[in-house]
Amino acid sequence: MRQSPRCIWLTGLSGSGKSTVANALDATLHANGVKTFLLDGDNVRHGLNKDLGMSEADRAENIRRVGEVAKLMVDAGLIVICAFISPYARDRQQVRSIFTPDQFIEVYLDTPLEVCERRDPKGLYKKAREGVIKQFTGVSDPYEIPESADVIIDTSQSNVRNSVSSILKALG
Ligand SMILES: Nc1ncnc2c1ncn2[C@@H]1O[C@H](COP(=O)(O)OS(=O)(=O)O)[C@@H](OP(=O)(O)O)[C@H]1O
Ligand SMILES: Nc1ncnc2c1ncn2[C@@H]1O[C@H](COP(=O)(O)OP(=O)(O)O)[C@@H](O)[C@H]1O
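Given the structure is predicted, the values throughout are model-derived calculations rather than measurements. (Residues numbered from 1 in each chain as written. Chains lettered and ligands numbered in written order. Predicted model: local features only at pLDDT ≥ 70, side-chain atom pairs only at ≥ 80, totals over all residues. Heavy atoms only, no water.)

> In this structure, what is going on with the packing of aromatic side chains? I would like to understand it.
Note on aromatic pairs: each is described by the distance of the centres and the angle between the planes. On inspection of all chains with the given rule, the structure shows five aromatic pairs. On the basis of an interplanar angle of 25 degrees and a centroid distance of 5.7 Å, the ring pair of Trp9 and Phe84 is categorised as stacked. With Trp9 in strand 1 (residues 6-12) and Phe84 in the loop between strand 3 (79-83) and helix 4 (89-97), the pair connects residues that are 75 residues apart, well separated along the chain. This pair shows no difference in class: Trp9 is buried, exactly as Phe84 is. Between the aromatic rings of Tyr108 and Tyr143, the centroid separation amounts to 6.0 Å while the plane-to-plane angle is 15 degrees, which identifies the pairing as stacked. With a gap of 35 residues between them, Tyr108 in strand 4 (residues 104-109) and Tyr143 in the loop between helix 6 (124-129) and strand 5 (151-153) connect regions that are remote in the sequence. An aromatic cluster is present here, built from Trp9, Phe84, Phe99 and Phe104 joined pairwise through their rings. (Phe/Tyr/Trp six-rings, centres within 6.5 Å; stacked < 30°, edge-to-face > 60°. Helix = DSSP H or I, 4+ residues; strand = E, 2+ residues; numbered from the N terminus. Buried < 20%, exposed > 50% of the residue type's maximum accessible area, 1.4 Å probe, protein only.)

Here it is, written out as structure tokens:
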């Protein structure tokens, strides 16, 4: 395949725009004839990782498995887009370590919590504030800010199109 296999890893709070940006990026790459695969918390947690919850250990295992699947796909020549909250720096670092340095691109969606909460696309922040959902990232569970992300995007300042452009620029 005439493309450089990569893992593009989107991390950020719920509602920060991971799925929206990941889908737009996927569509843009497709339109340019690039072979991609999109792994998203929303779909992976219904299948491969349906045995996992939201404890620190289960999130670590979620990220580890996704990283290994992404690695297999990168070895098969694909550009793999992963969209997971991935709140722990250690888990993100562990995934990075299984790729060569140029194969892994970390994209931090640095959208302020207030914006994510105002969007609340699935009504989860409301439930988290009411205590109906426990261990909710940003409300009652930690999110460790990436310290050396390759791309940083605040989707309250950048529209989807510009966000995709920023990531494509990092792809080179
Ligand atoms: N407690 C709690 N905290 C955060 N998120 C929660 C929680 N419970 C359910 N959800 C929903 O699960 C989606 C996050 O799954 P991830 O696999 O990305 O999470 S993680 O990376 O393992 O932390 C997340 O999806 P996104 O909103 O797309 O981020 C939520 O819809
Ligand atoms: N500039 C933007 N970039 C991405 N999403 C945006 C933007 N402006 C508004 N949104 C909205 O914010 C929400 C983000 O939700 P989603 O993509 O599911 O986030 P996540 O996957 O991080 O939970 C969507 O409803 C999307 O339409």
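> I keep staring at the side chain of Gln103 and nothing clicks. Help me out?
Following the sequence through the fold, Gln103 ends up in the loop between helix 4 and strand 4. Look past the residues within four positions of Gln103 in its chain and what remains in contact with it is Pro5, Arg6, Cys7 and Val74. (Contact = heavy atoms within 4.5 Å.)

> I tried to follow the site of ligand 1 on my own but got confused; where do I start?
Ser14, Arg45, Asn62, Ser86 and Gln135 are the nearest of the 20 residues found near ligand 1. Note that an oxygen atom of ligand 1 is positioned 2.7 Å from one of the side-chain N or O atoms of Arg45. One nitrogen or oxygen atom from the main chain of Ile85 is found 2.9 Å from an oxygen atom belonging to ligand 1. Coverage of ligand 1 by the protein chains reaches 89% of its 630 Å² of free accessible surface. A molecule is said to occupy a pocket when more than half its atoms come within 2 Å of that pocket's grid points, and by this definition ligand 1 occupies the largest pocket. Elements with a minimum of two residues in the shell around ligand 1: helix 2 (41-44) and helix 3 (56-75). No other element matches helix 3, which puts three residues into the shell around ligand 1. Taken together, the residues of the shell around ligand 1 break down into eight nonpolar, six polar and six charged. (Near = heavy atom within 4 Å. Polar contact = N/O pair within 3.5 Å; in protein donor to acceptor, adjacent residues only side chain to side chain. Areas by Shrake-Rupley, 256 points an atom, 1.4 Å probe, with all protein chains shown as cover. 1 Å grid on protein atoms, 1.4 Å probe; cavity = no way out; pocket = protein on both sides within 12 Å on 5 of 7 lines; lining within 4 Å. Sits in = over half its atoms within 2 Å of the grid points. Nonpolar A, V, L, I, M, F, W, Y, C, P; charged D, E, K, R; others polar.)

> Help me understand the UniProt feature "domain: APS kinase" (unreviewed entry) in the chain in this model?
UniProt marks residues 6-154 with the feature "domain: APS kinase" (unreviewed entry), using the numbering shown here. End C-alpha to end C-alpha, residues 6-154 measures 23 Å, and it is 40% helix and 17% strand. (UniProt positions renumbered as here; feature names shortened; annotations may be inferred.)

> Looking at this model, I keep getting lost on the site of ligand 2. Mind explaining?
Every one of the 14 residues lining ligand 2 counts as a neighbour, but Gly15, Lys18, Ser19, Thr20 and Ser158 are closest to it. Within the backbone of Leu13, an N or O atom sits 3.4 Å from an oxygen atom of ligand 2. For ligand 2, an oxygen atom lies 2.5 Å from a polar atom in the side chain of Thr20. In the complex, 73% of the free accessible area of ligand 2, which totals 570 Å², lies under the protein chains.

> Help me out: how do you make sense of the state of the cysteines in this one?
Here a disulfide denotes one covalent bond, and it connects the sulfur atoms of two cysteines. Following the criterion strictly, the structure yields zero disulfides and no others. Sulfur of Cys116: no disulfide; nearest cysteine sulfur belongs to Cys82 and is 20 Å away. Here Cys116 falls in the buried class, since its relative accessible area comes to 0%. (Disulfide = S-S within 2.5 Å.)

> Sorry if this is basic, but what is going on with the packing of helix 1 (residues 18-31) against helix 7 (residues 160-171) here?
When two helices pack together, their arrangement is given by the angle between the helix axes and the distance between those axes. The geometry of helix 1 relative to helix 7 is characterised by a closest axis approach of 9 Å and an angle of 65 degrees between their N-to-C directions. Classified by chirality, the crossing of helix 7 by helix 1 is right-handed. For the pair formed by helix 1 and helix 7, the contact residues are Thr20, Val21, Ala24, Leu25, Thr28 and Leu29 on the first element and Val160, Ser163, Val164, Ile167, Leu168 and Leu171 on the second. (Axes fitted to C-alpha atoms, helices over the stretch in contact; angles between N-to-C directions. Left-handed = near helix turned anticlockwise from the far one by under 90°.)

> Can you walk me through unusual backbone geometry in this structure?
Across residues other than glycine, the phi torsion is negative in most instances, and most of the peptide bonds are trans. Notably, Ser86 is not glycine yet its phi reads approximately 40 degrees, a positive angle. Position of Ser86 among the secondary structure elements: in the loop between strand 3 and helix 4. Ser86 gets classed as buried once you look at its relative accessible area, which sits at 2%. One non-glycine residue, Asp120, lies in positive phi territory at about 30 degrees. Here Asp120 lies in the loop between helix 5 (113-119) and helix 6. Relative accessible area serves as the criterion here: at 18%, Asp120 is assigned to the buried category.

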